[in-house]
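Chains, contacts and geometry: an overview
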Amino acid sequence: MPTDKTDAVVVGAGVIGSSIAYELAARGYEVLVIDKSGGPGYGSTSASSAVIRFNYSTFDGMAAAWESLHCWQNWNEHLNATVDGALAKFRQCGMALLDVDVAPHARTIGLFEKIGIDYQLWDATTLVEKIPGIDAGKYYPPKPVDSESFFADAETTLGALYTPQAGFVDDPQLAAANLAAAARSHGAVFAYNTRVVAVEQLPDGTWQLGLDDGESVKSKIVVNAAGPWSGAFNKLSNVGSDFKVSVRPLRQEVHHITAPTEYNENEILGPMIADLDLGTYMRAEPGNGFLVGGTEPDCDPLEWIDDPDTANPNRTVARFEAQVFRAARRFPTLEVPSQPKGIAGVYDAASDWTPIYDKTDRQGFYVAMGTSGNQFKNAPIAGRLMSRIIDEVEAGHDHDADPLTYVGMHTGLEIDLGAFSRLRAPNAESTGTVMG
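Residues numbered from 1 in each chain as written. Predicted model: local features only at pLDDT ≥ 70, side-chain atom pairs only at ≥ 80, totals over all residues. Heavy atoms only, no water.

1. Here we look at the sheet that holds strand 4 (residues 90–92)
Just so we agree on the cut-off: Note: two strands are recorded as paired if DSSP finds a minimum of 2 bridges between them. Put simply, DSSP H or I for four residues or longer makes a helix, DSSP E for two residues or longer makes a strand, and each gets a number counted from the N terminus. Contact definition: two residues touch when any of their heavy atoms are within 4.5 Å. Orientation is described by lines fitted to C-alpha atoms, with helices fitted over the stretch in contact, and by angles between N-to-C directions that extend from 0 to 180 degrees.
Pairing within the open sheet is antiparallel, and its three strands lie in the order 3-8-4. Edge positions in the sheet fall to strand 3 (51–52) and strand 4, since each has one partner strand and no second. The pairing of strand 3 with strand 8 (residues 167–169) spans two bridges and is classified as antiparallel. Looking across to strand 8, one finds that Val 51 is bridged to Phe 168. Running over the sheet, helix 2 (residues 59–73) touches strand 3, strand 4 and strand 8 and is turned about 110 degrees from strand 4.

The following block contains the structure:
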């Protein structure tokens, strides 16, 4: 064990945990990061689609995403030029959110205009012109792909809400590795292939974490950023009894296929597509690839699991067909391969698809939970949000009674951190999907 005592222990070296470690270490904290995997971003981060979008259902969620965009656009600057070697790259390609009643444009546009996010409203004709080969039919609600109703003709058409500055990060695991390297440049220590097997809070408030190698570490501060294992770590630590928002592990798959004809023109990546009308999302991959995931439509059973370590790590035919057949319905020229190709992973999903960035009812114990699926994009400032909470709460501020705010360094937007509280009322404006 590198150290038996430190200022802060971050459990989880994914993109969120590594960001928190970076921000805390840059502020002068002595930081130890513990992760069960063999390196940064090896868990659910590596299964992320790494989509950078802004159409959240709340001002604070959207403001966080808009602030984060500026970090991704200036990634080396965000890392304070502390990282040698390859850096993750942001690829701007735009995103079209297809019309659907569950995510009405009026509210989203109101937030876009308040924040200053560029957008375009496309009718069906414009949608077809802008995205060659797309079927502009309206099929809502999503239907099982093995049902007769799935093949019914569309009776009307739909348009889209387009955000030109959206895009994706080309290597999510590398993004986590970049943040971990930046954290190490400020003295953070990472312990990989290490599990926390016991947690105890000592009479003086110090936390003692027992490790699977028989060693232990003491720290005044513990941050739970364990991704799909975050619920189990809370339970091990006797934390979470007052949470108003639940978090559970959810198995997901993302499939990789060849892009539809004409989707990528002259090596220019086609726009990402959020298609809640059919229950899927799609984005380009360099090399004429096409990534297809799901948006948790009501007609598909969700794979909630108790132990992420027991999740099936292999893609399945059933999930492949559910997602890729929907993409083929939207793009009739898309070729469906005979064998599934893609990745399977486990999400750390909050009940309202809004993360929990907060303190807890136990002194010195903090959480960054419920982040999978829709928070990769906010990783650059997740560390800043958490470090602000930690700084102020450790100095005596009552964040529960008087929620803190964070002002974006790039946008100047004020984000209410109470919006990510464990005690918040569930987000009534949520789409109930990964879109938030």
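2. Structural notes on the pairing of strand 20 (residues 365–369)
As a reminder, the rule being used: Any residue under 20% of the maximum accessible area for its type is buried, any over 50% is exposed, and the rest in between are partly exposed; the area is computed with a 1.4 Å probe on protein chains only.
By the criterion of burial, strand 20 is predominantly enclosed, with five of the five residues buried. Residues Phe 365, Val 367 and Met 369 point to one face of strand 20 and Tyr 366 and Ala 368 to the other, with burial holding for every one of them. Pairing between strand 12 (residues 216–224) and strand 20: three bridges, direction parallel. Counterpart to Val 222 in the pairing with strand 20 is Phe 365. The pairing of strand 19 (residues 356–359) with strand 20 spans four bridges and is classified as antiparallel. Along strand 20, the bridge assignment pairs Asp 358 with Val 367.

3. Notes on the environment of Ser 147
The condition is simple: Two N or O atoms count as a polar contact when they lie within 3.5 Å, although within protein this holds only if one can serve as hydrogen donor and the other as acceptor, and sequence-adjacent residues are included solely when both atoms are side-chain atoms.
Counting through the fold element by element, Ser 147 comes out in the loop between helix 5 (124–130) and strand 7 (160–163). Classification of Ser 147 as buried rests on a relative accessible area of 18%. Reaching out from Ser 147, the side chain makes a polar contact with the side chain of Ser 149 at a distance of 3.1 Å.

4. Digging into helix 9 (residues 379–394)
Defined as follows: Take the number of residues in a helix, subtract one, and multiply by 1.5 Å to get its expected span.
Its 16 residues give helix 9 an end-to-end C-alpha distance of 22 Å, which sits within 8% of 22 Å, the value for a rise of 1.5 Å per residue. The element helix 9 is largely enclosed, with a buried count of 12 among its 16 residues. Burial in helix 9 covers these residues: Ala 379, Pro 380, Ile 381, Ala 382, Gly 383, Arg 384, Leu 385, Met 386, Ser 387, Ile 389, Ile 390 and Val 393. Positive phi shows up at Gly 396, right after helix 9, with a value of about 110 degrees.

5. Let's talk about the packing of aromatic side chains
Here is the rule we go by: Pairing of aromatic rings covers Phe, Tyr and Trp, the last counted by its six-membered ring, and requires centre-to-centre distances within 6.5 Å; plane angles under 30 degrees mean stacked, over 60 mean edge-to-face, and any other angle means tilted. For a lysine, the NZ atom is tested; for an arginine, the CZ atom; a charge sits over a ring if that atom is within 6 Å of the ring centre and within 35 degrees of the ring normal.
Here the structure, examined in full by the defined rule, presents 14 aromatic pairs. Judged by centre distance (5.8 Å) and plane angle (85 degrees), the ring pair of Phe 290 and Phe 331 falls under edge-to-face. You can see Phe 290 sitting in strand 16 (residues 289–294) and its partner Phe 331 sitting in the loop between helix 8 (317–330) and strand 18 (342–350), a full 41 residues away along the chain. Just above the ring of Phe 168 sits the side chain of Arg 283; from NZ or CZ to the centre is 4.0 Å. Of note, Arg 329 hangs over the ring of Phe 150, and the distance from its end group to the ring centre comes to 5.9 Å.

6. Side note on the pattern of salt bridges
For the record, the criterion: One speaks of a salt bridge when a side-chain nitrogen belonging to Lys or Arg is within 4 Å of a carboxyl oxygen belonging to Asp or Glu.
Tallying each qualifying case throughout the model produces 20 salt bridges. For Asp 352, the salt bridge identified is with Arg 424, shortest N-O distance 2.9 Å. One end of the pair, Asp 352, is in the loop between strand 18 and strand 19; the other, Arg 424, is in the segment after strand 22 (414–416), and 72 residues separate them in sequence. Accessibility expressed as a relative area gives 4% for Asp 352, which makes it buried. With relative accessibility at 9%, the residue Arg 424 sits in the buried group. Linked by salt bridges that have partners in common, Asp 242, Asp 358, Lys 359, Asp 400 and Arg 422 make up one network.

7. A look at the packing of helix 1 (residues 15–26) against helix 6 (residues 172–185)
This is how the line gets drawn: An angle below 35 degrees is read as roughly parallel, one above 145 as roughly antiparallel, one from 65 to 115 as roughly perpendicular, and any other as oblique. Crossing handedness is defined as follows: a turn of the near helix away from the far one that is anticlockwise and smaller than a right angle gives a left-handed crossing, while the clockwise case is right-handed. In this count, Pro and Cys sit with the nonpolar residues alongside Ala, Val, Leu, Ile, Met, Phe, Trp and Tyr, while Asp, Glu, Lys and Arg are called charged and the others, Gly among them, polar.
Across the interface, helix 1 lies against helix 6 with an axial gap of 8 Å and an inter-helix angle of 20 degrees. As judged from the angle between their axes, helix 1 and helix 6 are roughly parallel. Relative to helix 6, the crossing made by helix 1 is left-handed. Contacts between helix 1 and helix 6 pair Val 15, Ser 18, Ser 19, Ala 21, Tyr 22 and Ala 25 from the former with Ala 176, Leu 179, Ala 180, Ala 182 and Ala 183 from the latter. When the residues that make up the contact of helix 1 with helix 6 are grouped by side-chain class, the tally is nine nonpolar, two polar and no charged.

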